[in-house]
Amino acid sequence: MSSPEDLTKTYDYAEVERRWLDQWRDEDFYFDWESAKPRYIIDTPPPYPTGRLHIGHALNWVYMDIVARYKRMRGYNVMFPQGWDCHGLPTEVKVEEIHGITKNDVPREEFRQMCRDLTRENIRMMRHSLRLMGFSVDWSNEYITMEESYYSLTQASFLQMLKNGYIYQSEHPVNYCTRCETAIAFAEVAYSENTTLLNYFDFDGVEIATTRPELLAACVAVAVHPDDNRYHTLKGKTLTVPLFSYPVPVVEDEAVDPAFGSGAVMICTFGDKQDVVWWKSHNLDLRSAIDQKGVMTAICGKYTGMKAKECREAILSDMKESGILKTQEELPQRVGTCWRCQTPIEILSARQWFVKVRPEEIVSAASEITWYPEHMQTRLLNWTQQMEWDWCISRQRLFATPIPVWFCSDCGEMILPVPEDLPIDPTVDSPKHPCPVCGSNSFAGETDVLDTWMDSSISPLAITKWDGKTTPAFYPTQLRPQGHDIIRTWAFYTILRSMALTQKKPWDGIMINGMVLGEDGFKMSKSRNNVITPDELIDRYGVDALRQWAAVGAAMGSDITFTWNDVVAASRFQTKMWNIVRFSLLQIRKDDSVSSDRPTELADRWLLSKLSATVQEVTDALDSYQYDKGLKAIRDFAWSSLADNYLELVKGRLYSDLPSRAGAVFTLKTALDTLCRLLAPYTPFFASECYYHLSGGRIIDQQWPGLDYIDPTADENGNLLASVVGQLRKYKHDAGLALNAPLGHVTIYTPGKTIDDGGDAGRTTNAEIEWRSDEPHLDRVLSDITFNMGIIGPAFRKEAGAVMQAIRALPPESLEAGVDTISVNGSDISIPDGSYAPVFSYAIEGEEVDLLTVGDALLAIRKRA
RNA sequence: GGGCUUGUGGUCUAGCUGGUUAUGACGUCGCCCUUACACGGCGAAGAUCUCCGGUUCGAAUCCGGACAGGCCCA
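- Per an unreviewed UniProt entry, the recorded name for chain A is Valine--tRNA ligase, and the organism is Methanocalculus taiwanensis.
- A UniProt comment under Subcellular location (unreviewed entry) is attached to chain A, and it reads "Cytoplasm".

Okay, structure coming up:
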């Protein structure tokens, strides 16, 4: 047990946080697979290992850590695991940058190893940051998606979904760089401005404007706006493609701009993104005119084998020759280019792998999940119901989970590995048996890899120890915490995969956090120079202040605009609490005898009732993930009820040796003990330190409080007591009296109510307090009048003094009744309304008193003792 | 362009199942070093609750529209 001297005069967060970090052990937060306690499993988001934690992570992890700590105190067997979502383009790019290579310069496996090395180092740094912030992560259940133990599950899930008919292959448009001969992600597309020629030519009698004449052989339709009168006769017709002489349909689409060019557009597969949309929505043919090397394909007739640029010139000159090229005009345009070699990207059709989306499965699972806040569910449902395309899961990259499939080189049969052999890399490993169809021993491994979301969307299965086949015993998990920016990706895909693999929802509830915006209200970005890092914040105010900032910054789901104000306020609250504890312990330790377990004094019962209500409020708030509400309730209780009111009320008792001192000691001990427990999920370091001084134990081993001191009468009368004392202090203040100066006699009339404050009010105000339950019998005496010079002055000017003197001379009865006219120097003068106001004083039994009212109560103060 | 969402004193924010003197914090101003805390206490000033229209006896709160911000998607 510590002594009062242990409480330093100021709270040293840096020292305290360092010390408690050393005290906690990883084992304190392990999930117990054998426990009989109810489980609470958090499907923690696996961050992308960039190497550093940003403030958005901090917010997200504080939210999770609060639930984790709270649920442990409520008796749950909590799992708060930590994952790492490793695969992704940025790592490939970073590796290329670090080593000064492109990924095709080194063997595939060597490049993948470079990515793994970089990722391991980044994870190491981020793990360190998470530990410094004291998150109660279960490190025994850490997972890393690039490790074999994890991606063998990703591959198992792929094979199972393939078997169940969820996965298929199909042609699909992809961005392609014909120089690098590789597919390009949208994130890899750079844009440049240039000028091109818009060519107007005759297309079977219709004028068409195009910037890509080389794609004429890929034309699959002509589109016009449905309301364009110039073309309404074309409806339902077919046209013949010039130079190539094959028929294409005319389609109508709202998206055609009648003002652009001639108002008629040729749709080619694929000139741009709009072509892809039209191709899909009008169900058009696919004609590939350009191959992966940028060479014209066999459908291009005499142009076959030309480079796209040569073909363009050739077609334009042939158009000119046959007289169908009308005019050409310059057009500024923005073209997508490969960010490495600046070659304009082509949209080519390539074989891709897809996951079938079954909206009804997702909708039904989503409605069984509790959403916090509720409206976030709408986003997912809207998205799901308007899904047009399935989920394309193949990527033409290197650092990702390989698609575990081979194809027979002779007959094309798809060969799958057996689950026991997973994980495999089909570009390295070979099937163990000849082709079952043709007996060939020659195979081609699939070189495409899986979308990263295929890894992370089985996280709830991975953390519950999925074996790749049967639904785990601890499935579904209890909570998915994540940001609203990835509802359409991570939440959506996880639900989809969970339904496909287990026919169950992945979680009971989902808690959606907002984004952190900079002090200027905009998204944090280097270019805006509004980035705040967690390190910066912790250095200046400590981890607990950061945690409070995150907790009260905004309601769950709302974006938080960062402000130092909240951090400063958080830090000040800790200082205040520290002083409350310091002072209370000082008093308690003078004599810590506790006589009764239910204090009888009004102030004690009042505080305990308020405390019980606060516990209930915080409990309700945490149960519904309303962290801001909970912390505000704690702060309000501690600062207002406990410090400003209760402590002031009982100081007199604490300094005394009255028997009722024991009640105050009991109440203080209970309040401090309870506050430590309530604060434990929010500010674990601070709560640990205070609780240790209070009891010598560890707060993380304690239960959540449940108090039943609710007492409506004590609540009401105690509120009155607190207000009365407050009013009397203000009265002293206004009268220029020191707060501890003797006040005299105060009679407090509370008609119909009997109040016994045990002497607290009297000791606190240094007054003689008399509570009376009868009606006050007051004599009202008109003691003075005040004049309104705004009326008197303009009305009487020079006579004003004389008028006032005359009014003053009137008997009190007339003044009180109101004066219409008055006689001054023999003439009657009328007095306007509002010229003066009577001032009354009051007396009780002939003695003059000052009056204050507090609600229905009346305070009569007789100065002088 | 579409879906969801937000718009409250100088700043951030609570309230938003309709009726409150519209909450709190920071900032500002005044007084106070009262046996923990001046990172404190007491008090004051400061809001046409984005704008327009509607429902209602009554709207910050419900409905419609406009404007502005955020996220996601085209």
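Following the structure, the description resumes.
Looking at the overall build of chain A
- In terms of helices and strands, chain A carries 24 helices and 33 strands.
- Its C-alpha atoms give chain A a radius of gyration of 40 Å, more than 25% over the compact-globule value 29 Å for 865 residues.
- The principal-axis extents of the C-alpha atoms in chain A amount to approximately 120 × 80 × 45 Å.
- When each of the 865 residues of chain A is scored for burial, the buried share is 54%.
- Relative to all contacts within chain A whose residues are 6 or more apart in sequence, the contacts with residues 24 or more apart total 76%.
- Side chains of chain A carry 87 positive and 119 negative charges; the gap between the two charge centres is 3 Å.

A few points about unusual backbone geometry
- With omega at -10 degrees, the peptide bond leading from tyrosine 372 into proline 373 counts as cis.
- Looking at where proline 373 falls in the secondary structure, it is placed in the loop between β15 (370-372) and α9 (376-385).
- In this structure, the amide linkage connecting leucine 422 to the following residue, proline 423, adopts the cis form with an omega of 0 degrees.
- Even without being a glycine, aspartate 204 presents a positive backbone phi close to 55 degrees.
- Looking at where aspartate 204 falls in the secondary structure, it is placed in the loop between β7 (189-203) and β8 (206-210).
- A residue is classified by how much of its surface remains accessible, and aspartate 204, at 40% relative accessible area, is partly exposed.
- Although it is not a glycine, tyrosine 625 adopts a positive phi angle of roughly 60 degrees.

Some remarks on the packing of helix α1 (residues 13-23) against helix α19 (residues 684-695)
- It is the contact of α1 with α19, at a shortest axis distance of 9 Å, that shows an interaxial angle of 85 degrees. Of the possible angle classes, the one that applies to α1 and α19 is roughly perpendicular. Mapping the contact onto sequence places Val16, Glu17, Arg19, Trp20 and Leu21 in α1 and Phe685, Ser688, Glu689 and Tyr692 in α19.
- For the contact of α1 with α19, a count of residues per class yields five nonpolar, one polar and three charged.

Here's the deal with the sheet that holds strand β16 (residues 391-392)
- Spatially, four strands are ordered β6-β5-β14-β16 in an open sheet, and the strand pairing comes out antiparallel. With partners counted over all chains shown, the strands left at the sheet margins are β6 (182-184) and β16, one partner each.
- With three bridges joining them, strand β5 (residues 167-177) and β6 adopt antiparallel strand pairing. Residue pairing in the sheet places cysteine 177 in a bridge with threonine 182 of β6.

Points about the UniProt feature "binding site: ATP" (unreviewed entry) in chain A
- If you check UniProt for "binding site: ATP" (unreviewed entry), the listed places come out as Lys526 in our numbering.
- Relative to the helices and strands, lysine 526 resides in the loop between β24 (516-517) and α13 (534-541).

Things to note about the side chain of threonine 44
- Among the secondary structure elements, threonine 44 is positioned in the loop between β1 (39-41) and α2 (55-73).
- Classification of threonine 44 by relative accessible area gives buried; the value is 0%.
- Looking at threonine 44, its side chain comes within polar contact range of the main-chain oxygen of proline 81, at 2.6 Å.

Regarding the nonpolar core
- Within the largest apolar cluster, 137 residues are counted, with the highest numbers of intra-cluster contacts made by Phe562, Met577, Tyr627, Ile634 and Tyr646.
- Here the element with the most residues in this core is helix α17 (residues 627-655); it accounts for 13 residues.
- Apart from residues lying up to four places away in sequence, tyrosine 646 is in contact with Ala603, Asp604, Trp606, Leu607, Ser641, Ala664, Thr667 and Leu668.
- In this structure, Trp353, Val405, Ile463 and Trp507 belong to the second largest nonpolar core, which totals 56 residues.

As for the environment of tryptophan 339
- Among the structural elements, tryptophan 339 can be located in the loop between β13 (325-338) and β14 (346-355).
- Judged by relative accessible area, tryptophan 339 falls into the partly exposed class, the value being 33%.
- Measuring from C-alpha to C-alpha, the distance between tryptophan 339 and valine 189 comes to 5.7 Å, with 150 residues separating the pair along the chain.

Some points on the protein's contact with RNA strand B
- Surrounding RNA strand B, one finds 33 residues, the nearest of these being Asn382, Arg488, Asn565, Trp639 and Leu739.
- Taking the atoms of RNA strand B that fall within 4 Å of the protein, sugar and phosphate contribute 65% of them.
- Note that a sugar or linking oxygen of RNA strand B is positioned 2.5 Å from one of the side-chain N or O atoms of asparagine 565.
- Taking threonine 575, its side chain carries an N or O atom lying 3.0 Å from a base oxygen of RNA strand B.
- When residues of the surface near RNA strand B are traced back to their parent elements, those giving at least two are α9, α15 (564-590), α17 and α20 (712-734).
- A breakdown of the residues in the surface near RNA strand B according to their chemical character gives eleven nonpolar, eight polar and 14 charged.

Cut-off values and rules
Residues numbered from 1 in each chain as written. Chains lettered and ligands numbered in written order. Predicted model: local features only at pLDDT ≥ 70, side-chain atom pairs only at ≥ 80, totals over all residues. Heavy atoms only, no water. UniProt positions renumbered as here; feature names shortened; annotations may be inferred. Helix = DSSP H or I, 4+ residues; strand = E, 2+ residues; numbered from the N terminus. Rg over C-alpha atoms; globule rule 2.2 N^0.38 Å. Buried < 20%, exposed > 50% of the residue type's maximum accessible area, 1.4 Å probe, protein only. Contact = heavy atoms within 4.5 Å. Lys, Arg positive; Asp, Glu negative; His and termini not counted. Charge placed at Lys NZ, Arg CZ, Asp CG, Glu CD. Axes fitted to C-alpha atoms, helices over the stretch in contact; angles between N-to-C directions. Parallel < 35°, antiparallel > 145°, perpendicular 65-115°, else oblique. Nonpolar A, V, L, I, M, F, W, Y, C, P; charged D, E, K, R; others polar. Pairing = 2+ DSSP bridges. Polar contact = N/O pair within 3.5 Å; in protein donor to acceptor, adjacent residues only side chain to side chain. Core = buried A, V, L, I, M, F, W, Y, C linked by side-chain atoms within 4.5 Å. Near = heavy atom within 4 Å.

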